[in-house]
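# Close look at the chain arrangement
Listed below, chain by chain, are the residues.
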Amino acid sequence: MLMLWLKAFHIVFVITWFAGIFYLPRLFVYHALTEDSISNARFKVMERRLYRGIMTPSALLAIGFGIWMLVVGWDAFARAGWLHAKLALVAGLIGYHIWCGKIVADFANDANHHSDRFYRWFNEAPLLVLIPAVVLAVVKPF
């Protein structure tokens, strides 16, 4: 029964993490297009609050519940190839999250180095992690 509770909360926090991961780069798109100081200041606040107030706590909780599930079910998971592949994807997502934090800091310091077009493409990258991660977790192909 514990594993079901852990899985439920893991899923909740993965969803909230991904909500932020999909929204923050969209804010970057619009921030990169701003030309007035009021909008620039507003985007800085929105980005900081989203990253620090929603994304990072959600990421930590999703990862924490995931690790807890690994500990509780280690005997079942130790030889699950699908899980090793999913964990590699999660590692990539953590790297993306950290990169988002650097971009938030760059915008906060008025040191953005990318165009809105870059951020439009950057916004699509998490989907390349989400789809295979879900397929691996649900289908468990190997």
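Since the structure is predicted, the reported quantities are computational estimates derived from the model, not experimental observations.

### Considering the overall build of the chain
Within the chain, the secondary structure is distributed over 6 helices and 0 strands. Secondary structure elements in the chain, listed N-terminal to C-terminal, are α-α-α-α-α-α. Each of the three principal axes of the chain carries a C-alpha extent, and together these read 55 × 25 × 15 Å. Expressed as a percentage of the 142 residues in the chain, the buried residues total 35%.

### Quick look at the pattern of salt bridges
One pass over the full model with this rule turns up 3 salt bridges. Among the salt bridges present, the one from Asp106 reaches Lys102, with a minimum N-O distance of 2.9 Å. Here Asp106 and its partner Lys102 are both found in helix H4 (residues 81–108), 4 residues apart, which amounts to about one turn of the helix. A relative accessible area of 16% means that Asp106 is categorised as buried. Classification of Lys102 as partly exposed rests on a relative accessible area of 46%. The salt bridge partner of Asp116 is Arg120, with a shortest N-O separation of 3.5 Å. A residue pair is termed a helical-turn pair when its members lie 3 or 4 positions apart in one helix, as Asp116 and Arg120 do in helix H5 (residues 116–122) at 4 residues. When its relative accessible area of 22% is taken as the criterion, Asp116 is described as partly exposed. Looking at Arg120, the relative accessible area reads 36%, which means it is partly exposed.

### Some words on the packing of helix H1 (residues 2–33) against H4
Two elements in contact, H1 and H4, have axes separated by 11 Å at closest approach and are oriented at 40 degrees. On the basis of the axis angle, H1 is oblique to H4. Judged by the twist between their axes, the crossing of H1 over H4 is left-handed. Packed against H1, whose contacting residues are His10, Trp17, Phe18, Ile21, Leu24, Pro25, Phe28, His31 and Ala32, the element H4 presents Lys86, Leu93, Ile94, Tyr96, His97, Cys100, Ile103, Val104 and Phe107 at the interface.

### Focus on the side chain of Asn123
Structurally, the position occupied by Asn123 is in the loop between H5 and helix H6 (125–139). For Asn123, a relative accessible area of 9% corresponds to the buried category. Asn123 has contacts with Ile21, Phe22, Pro25, Arg26 and Tyr96, leaving out every residue within four places of it along the chain.

### Considerations on the side chain of Lys86
Along the chain, the position of Lys86 falls in helix H4. Although Lys86 is buried, it makes no salt bridge; Asp75 carries the closest opposite charge, 19 Å away. Residue contacts for Lys86: discarding those within four places in its chain leaves His10, Ala133, Leu136 and Ala137.

### Section: unusual backbone geometry
Positive phi values are uncommon outside glycine, yet Asp110 reaches one of about 55 degrees. For Lys140, which is not glycine, the phi torsion reads 50 degrees and is therefore positive. Tracing the sequence through the fold places Lys140 in the segment after H6. By relative accessible area, Lys140 is classed as partly exposed at 42%.

The rules behind these values
- Residues numbered from 1 in each chain as written.
- Predicted model: local features only at pLDDT ≥ 70, side-chain atom pairs only at ≥ 80, totals over all residues.
- Heavy atoms only, no water.
- Helix = DSSP H or I, 4+ residues; strand = E, 2+ residues; numbered from the N terminus.
- Buried < 20%, exposed > 50% of the residue type's maximum accessible area, 1.4 Å probe, protein only.
- Salt bridge = Lys/Arg side-chain N within 4 Å of Asp/Glu carboxyl O.
- Axes fitted to C-alpha atoms, helices over the stretch in contact; angles between N-to-C directions.
- Parallel < 35°, antiparallel > 145°, perpendicular 65-115°, else oblique.
- Left-handed = near helix turned anticlockwise from the far one by under 90°.
- Contact = heavy atoms within 4.5 Å.
- Lys, Arg positive; Asp, Glu negative; His and termini not counted.

The analysis is restricted to geometry; functional conclusions fall outside its scope.
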